[in-house]
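# Tertiary structure, described
What follows is each chain in one-letter form.
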Amino acid sequence: MKFTSIVAVFSALFGFCNAVDLDVNSYDSIRSACALIADGLMDYYWGYQYGGTVGMFTHPYYWWEAGGAWGSMIDYSFFFQNHTYDKTIITAMEYQTGDDGNYMPLNQTTTEGNDDQVFWGIAAIQAAERNFTNPSKKDFQWLYLAQGVFNTMAWRWDSSYCDGGLRWQIFQWNSGYNYKNTVSNAGLFHLAARLARYTGNSTYSEWAEKVYDWLVGVEFVNEGIKTPGYYFAYDGASIEGNCSTIKPYQWSYNAGLLIGGCAYMYNSSGNDTWLTRTKGWVKGVTVFFNSTTDVIYEAACQNAGTCNNDQRCFRAYLARFMGLTAVLVPDTYDDIMTYLTASAKAAARSCSGGTDGHTCGMNWFVDGWDGKYGLGEQMSALEVIQNLLSSERAAPYTAKNGGSSTGSGNAGMGSTEESDKPLDLDKGHTAGASIITVIIGVSIIGLAYYVLK
């Protein structure tokens, strides 16, 4: 996209001292605060504007973050029973499903990665769990779409390097194809755990165990080895060297996916192993909270001021999945709410920028707005504040206790086995690619000649 929301930009450039007023003990105060922040989040959506794409947010926000943002808005609708944006959410998520109902739309499949796809799948299972209004396409209900994402991702499990795991990228022409990262695999684990709980199908729980065990085995996940009782997740490693040289960066959304997945597994199975893991992650995520103030921050980049557009939304997912964990595993509720409450107060103080007076910032350590603004800042503030109400509404539904969405065990596969296969650049595809290149080149030359004539 080549357009940026004028409302969002002008709201962010001129600030006033009018921070979001938040009383963390008042439902009405939390609702009012989140309404302002959610409206600010939607300022970045130009899906219905000239030059926009339905389902996607303004430049420079990538497709994957749109999936995350719709997940934030689904919970906003659920927590506050505010249906202002429901139709927009449904239309956006329908538009991006792809022909096979697996969130591999034609406008993304040349650049889409496994981590990108899974955040749309998570939004879909979240919609099923919240009993959000189902899409108009009866064959592509929320559960089906989540299953479609799971099936296509599980089909890509790659045992040729590192004894398993998903690659970061789906297609070999994209940078990162030779990298296996935690977020893609933690995302598959997380989605499998939620499908296991929703459907009761043991296939999903078996996959969740398989993926989690692989993450531990390849040492992307550290289960308290360095610091007893504290679990950590690292970024990933290249297949060169068989994933032996691990990049040690810790990102909050990785920890969020893992804490949430473990909580779902414990809630559905009652297995104490998953309880131990959930509690280990509750301790481990404290690396993302200031030790003095208990306020959340993106530890790997925030203090250095190097967080990119993607990284500026990571805290949103950690807050969301911590809220779910507090509900699914009540033993963790008090500890989690201590961190979310402190962070919510700080986030509200940061939401004091822009012409509207409540544009949210990045750095919640300062007493006010830090001059930063964007989709990630709005998402993070919304999630950390609205999840104060995580226990005030029903726990995520399942197919047995109120969830109405339906699906299929074979969802999303369609022509996936062909479309997912990387091109064999040593054979006929090379010739085909060359022909296309020549055609495009000749077309460009011809156009240039016509224009300059």
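Placed above this text is the structure.
Residues numbered from 1 in each chain as written. Predicted model: local features only at pLDDT ≥ 70, side-chain atom pairs only at ≥ 80, totals over all residues. Heavy atoms only, no water.

By the secondary structure assignment, Asn-114 is in helix α5 (residues 114-129). Separated by 2.6 Å, the side chains of Asn-114 and Arg-156 make a polar contact. Discounting residues that sit within four places of it in the chain, Asn-114 has contacts with Met-153, Arg-156, Leu-166, Arg-167, Trp-168, Gln-169, Ile-170 and Ser-184. (Helix = DSSP H or I, 4+ residues; strand = E, 2+ residues; numbered from the N terminus. Polar contact = N/O pair within 3.5 Å; in protein donor to acceptor, adjacent residues only side chain to side chain. Contact = heavy atoms within 4.5 Å.)

Looking now at the packing of helix α7 (residues 182-199) against helix α8 (residues 202-217). Two quantities define a packed helix pair, namely the angle between the axes and the distance from one axis to the other. Running from amino to carboxyl end, α7 crosses α8 at an angle of 155°, the nearest separation of the two axes being 8 Å. With respect to α8, the element α7 is oriented roughly antiparallel. Like other packed secondary-structure pairs, α7 and α8 cross with a definite hand, here left-handed. For the pair α7 and α8, the contacting residues are Thr-182, Asn-185, Ala-186, Leu-188, Phe-189, Ala-192, Ala-193, Leu-195, Ala-196 and Thr-199 in the first and Tyr-204, Ser-205, Trp-207, Ala-208, Val-211, Tyr-212, Trp-214 and Leu-215 in the second. Split into classes, the residues belonging to the contact of α7 with α8 amount to 14 nonpolar, 4 polar and no charged. (Axes fitted to C-alpha atoms, helices over the stretch in contact; angles between N-to-C directions. Parallel < 35°, antiparallel > 145°, perpendicular 65-115°, else oblique. Left-handed = near helix turned anticlockwise from the far one by under 90°. Nonpolar A, V, L, I, M, F, W, Y, C, P; charged D, E, K, R; others polar.)

What follows covers the nonpolar core. The biggest cluster of nonpolar side chains holds 135 residues, and the ones touching the most others in it are Phe-57, Trp-70, Met-73, Trp-281 and Ile-385. Per element, the largest residue contribution to this core is 11 residues, and it comes from helix α3 (residues 63-80). Ignoring anything within four residues of it in the chain, the contact list for Met-73 reads Ala-38, Leu-41, Met-42, Tyr-85, Ile-89 and Leu-382. (Core = buried A, V, L, I, M, F, W, Y, C linked by side-chain atoms within 4.5 Å. Buried < 20%, exposed > 50% of the residue type's maximum accessible area, 1.4 Å probe, protein only.)

Applying the stated criterion to the full structure yields 35 aromatic pairs. With a centroid separation of 4.9 Å and 0° between ring planes, the pair formed by Phe-171 and Trp-173 is classed as stacked. Of the residues examined, Trp-173 reaches a relative accessible area of 43% and is grouped as partly exposed. One aromatic cluster is present, built from ring pairs that chain together Trp-64, Phe-119, Tyr-249, Trp-251, Tyr-253, Phe-314 and Tyr-317. The ring of Trp-207 is capped by Lys-210, whose NZ or CZ atom sits 4.2 Å from the centre of that ring. Just above the ring of Trp-274 sits the side chain of Arg-277; from NZ or CZ to the centre is 4.7 Å. (Phe/Tyr/Trp six-rings, centres within 6.5 Å; stacked < 30°, edge-to-face > 60°. Lys NZ or Arg CZ within 6 Å of the ring centre and 35° of its normal.)

Treat this as a map of the structure, not an account of what it does.
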